Amino acid sequence: MAPFCAAQEAAVRTCTYTVKVKTSCASPAPTSDAVSVAFGDAYRNEAYGARLPSAPGGRAFERCGTDTFRVSGVCGYGVCYLYLRRAGRDGWAPEWVQVTEPGPGAGEKPATFYFGAPLPDGVWYGHNRCPKAKAKAAGTAAAAARTNTTSAAASPLG
């Protein structure tokens, strides 16, 4: 079984995505908050940028500004979820985040996720627009109905 796993790992391709972040004009200026991003596709191919780097001179995430980053991760099939994590005291607020996939024709339709409010401190917060399998959704809904609860969103990293 070990050779099969090694072959699977060798088949995983790495891609570099372009991530644009627009900081809200209502965001505090300047900010020293640390910002991380995690995004991926419906097949759980994920890219993760821990503590997005500051621009030269430390001027990333300025009020009303747009910053561009390169984030590497497993090549995917259409970004459908994106989560941000903010750590700090400033209360940085993103307006939107746009992810462009590499490859021919991929950049023609970037995935854009809208926020417009300060992020909570120290938690992953974002959007999951990935399609749900009908059978899985039906099973989850039936289980929730039996227990009179709703299912919680999974962590973007787990």
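For the structure itself, look to the data block above.
Let us look at the structure shown here. Everything numeric in this text was worked out from a predicted model, so none of it was measured.

Moving on, we come to the overall build of the protein chain. For the protein chain, the helix and strand inventory stands at two helices and eight strands. Tracing the protein chain from N to C terminus, the helices and strands come up as α-β-β-β-β-β-β-β-β-α. Taken across its 158 residues, the protein chain has 35% of its residues classed as buried. When contacts within the protein chain are restricted to residue pairs at least 6 apart in sequence, those whose partners lie at least 24 apart make up 74%. Summing over all exposed atoms, the protein chain offers an accessible surface of approximately 9,500 Å²; the carbon and sulfur share of this is 55%.

This brings us to the packing of aromatic side chains. In total, this model carries seven aromatic pairs according to the counting rule given. Among the aromatic residues, ring-to-ring pairing joins F61, F69 and W92 into one connected group. The ring of F113 carries R129 above its face, with NZ or CZ at 4.0 Å from the centroid.

Burial of strand 1 (residues 14–23) is extensive: seven of the 10 residues sit out of reach of the surface. As paired elements, strand 1 and strand 4 (residues 66–74) share nine bridges and run antiparallel to each other. Bridging across to strand 4, T14 finds its partner in V74. Note that strand 1 and strand 6 (residues 94–100) share six bridges and pair antiparallel.

Within the fold, D41 resides in the loop between strand 2 (34–40) and strand 3 (46–49). Among buried Asp, Glu, Lys and Arg side chains, D41 stands out as unpaired, with R44 the closest opposite charge at 7.6 Å. Looking at D41, its side chain comes within polar contact range of the main-chain nitrogen of Y43, at 2.9 Å. Among residues more than four places away in sequence, those in contact with D41 are G76, Y77, G78, C80, Y81 and C130.

Before going further, it helps to spend a moment on the state of the cysteines. For the structure shown, the criterion picks out three disulfides. Paired through a disulfide, C15 and C75 show a sulfur-sulfur distance of 1.8 Å. Taking the sign of the S-S torsion, about 95 degrees here, the bridge from C15 to C75 comes out right-handed. Taken together, the residues span a long stretch of sequence, with C15 in strand 1 and C75 in the loop between strand 4 and strand 5 (81–87) at a distance of 60 residues. Since its relative accessible area comes to 14%, C15 is described here as buried.

Definitions and limits used
Residues numbered from 1 in each chain as written. Predicted model: local features only at pLDDT ≥ 70, side-chain atom pairs only at ≥ 80, totals over all residues. Heavy atoms only, no water. Helix = DSSP H or I, 4+ residues; strand = E, 2+ residues; numbered from the N terminus. Buried < 20%, exposed > 50% of the residue type's maximum accessible area, 1.4 Å probe, protein only. Contact = heavy atoms within 4.5 Å. Areas by Shrake-Rupley, 256 points an atom, 1.4 Å probe, with all protein chains shown as cover. Phe/Tyr/Trp six-rings, centres within 6.5 Å; stacked < 30°, edge-to-face > 60°. Lys NZ or Arg CZ within 6 Å of the ring centre and 35° of its normal. Pairing = 2+ DSSP bridges. Lys, Arg positive; Asp, Glu negative; His and termini not counted. Salt bridge = Lys/Arg side-chain N within 4 Å of Asp/Glu carboxyl O. Polar contact = N/O pair within 3.5 Å; in protein donor to acceptor, adjacent residues only side chain to side chain. Disulfide = S-S within 2.5 Å.

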